[in-house]
Amino acid sequence: MDEARTPITEADAVSRYPELAQLAGIRDAGWVFRPFHDQHDQLMGLAGSRSVDQYTDAIYLFDRSHVIAARVQAEEYGGGCVWMRDGTDVAEVVTDLLGLPEPGEPGAPSLVISQSLLWAP
């Protein structure tokens, strides 16, 4: 295993990348995070998700200034992505994602976003 996979403590990670502090907080609310690597085993980013019966919320951090978040409905509830945000401020995108109303509540996203065949996070 090379140095790219050498684990560091949460405190060290937050010290190096303060924007991760908010992610540590949502992890305690049931979110699961995993790093993703390129074909050369270099860290490319971090992916997190939280699933409930009706939907899955997900967030992808590519670097300190590129984050994508989405809510995807479960197939039993129609399937498809109903909300997506591509931004440069991790805290802002996480706040928007966590602020989404539950399905059926006023203001909850419900229309499936049409996507191009070329779309990729």
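Residues numbered from 1 in each chain as written. Predicted model: local features only at pLDDT ≥ 70, side-chain atom pairs only at ≥ 80, totals over all residues. Heavy atoms only, no water.

Chemist: Which residues make up the packing of aromatic side chains, and what values go with them?
Modeler: Tallying each qualifying case throughout the model produces 2 aromatic pairs. Ring centres of W31 and F33 lie 6.2 Å apart, and the angle between their planes is 20 degrees; this geometry places the pair in the stacked category. A ring pair is formed by F36 and F62, whose centres lie 5.9 Å apart and whose planes are at 75 degrees; its orientation type is edge-to-face. Of this pair, F36 sits in strand β1 (residues 32-37) while F62 is found in strand β3 (residues 55-63), placing the two residues 26 residues apart along the sequence. Take F36: its relative accessible area is 22%, and that puts it in the partly exposed class. The ring centre of Y55 lies 3.9 Å from the NZ or CZ of R71, which sits over that ring. (Phe/Tyr/Trp six-rings, centres within 6.5 Å; stacked < 30°, edge-to-face > 60°. Helix = DSSP H or I, 4+ residues; strand = E, 2+ residues; numbered from the N terminus. Buried < 20%, exposed > 50% of the residue type's maximum accessible area, 1.4 Å probe, protein only. Lys NZ or Arg CZ within 6 Å of the ring centre and 35° of its normal.)

Chemist: An account of the nonpolar core is requested, with residue identities and associated values reported.
Modeler: What tends to happen in soluble globular proteins is that the nonpolar side chains get buried as a cluster. If you look at the biggest cluster of nonpolar residues, it comprises 15 residues, and the most contacted ones within it are L23, I59, L61, V67, A69, V94 and L97. Tallying contributions element by element places helix α3 (residues 90-98) first for this core, with 4 residues. If near-sequence neighbours (up to four positions away) are discounted, L97 is found in contact with W31, D57, A58, I59, A69, A70 and W83. (Core = buried A, V, L, I, M, F, W, Y, C linked by side-chain atoms within 4.5 Å. Contact = heavy atoms within 4.5 Å.)

Chemist: Tell me what's going on with the environment of D63, and back it up with residues and numbers.
Modeler: Mapped onto the elements of the fold, D63 is located in strand β3. With a relative accessible area of 43%, D63 lands in the partly exposed category. Along the backbone, D63 and G25 are 38 residues apart, and their C-alpha atoms lie at a distance of 19 Å. Within the structure, D63 has its side chain in polar contact with the backbone nitrogen of S65 (distance 2.8 Å). A polar atom in the side chain of D63 sits 3.0 Å from the backbone nitrogen of H66. (Polar contact = N/O pair within 3.5 Å; in protein donor to acceptor, adjacent residues only side chain to side chain.)

Chemist: Could you give an account of the sheet that holds strand β2 (residues 43-51), naming the residues involved and the relevant values?
Modeler: In space, the 5 strands of this open sheet follow the order β1-β2-β3-β4-β5, with antiparallel pairing throughout. With partners counted over all chains shown, the strands left at the sheet margins are β1 and β5 (80-87), one partner each. Strand-to-strand, the axes of this sheet are offset by a mean angle of 15 degrees, without reference to chain direction. Here β3 runs beside strand β4 (residues 66-73); their pairing, made up of 8 bridges, is antiparallel. From the neighbouring strand, Y60 faces β4, where its bridge partner is I68. Taken strand by strand, α3 contacts β3, β4 and β5, and its axis lies near 155 degrees from that of β5. (Pairing = 2+ DSSP bridges. Axes fitted to C-alpha atoms, helices over the stretch in contact; angles between N-to-C directions.)

Chemist: Go over the pattern of salt bridges with me, naming the residues and quoting the values.
Modeler: Tallied over the entire structure, the rule returns 3 salt bridges. D57 is the partner of R71 in a salt bridge, and the nearest nitrogen-oxygen pair spans 2.7 Å. A residue pair is termed long-range when its members are at least 10 positions apart, and R71 in strand β4 and D57 in strand β3 qualify at 14 residues. We note that R71, like D57, is buried. The partner of E92 in a salt bridge is R85, with the nearest N and O atoms 2.5 Å apart. For E92, a relative accessible area of 42% translates into the label partly exposed. Put simply, R85, E92 and D96 are held in one network by salt bridges that share partners. (Salt bridge = Lys/Arg side-chain N within 4 Å of Asp/Glu carboxyl O.)

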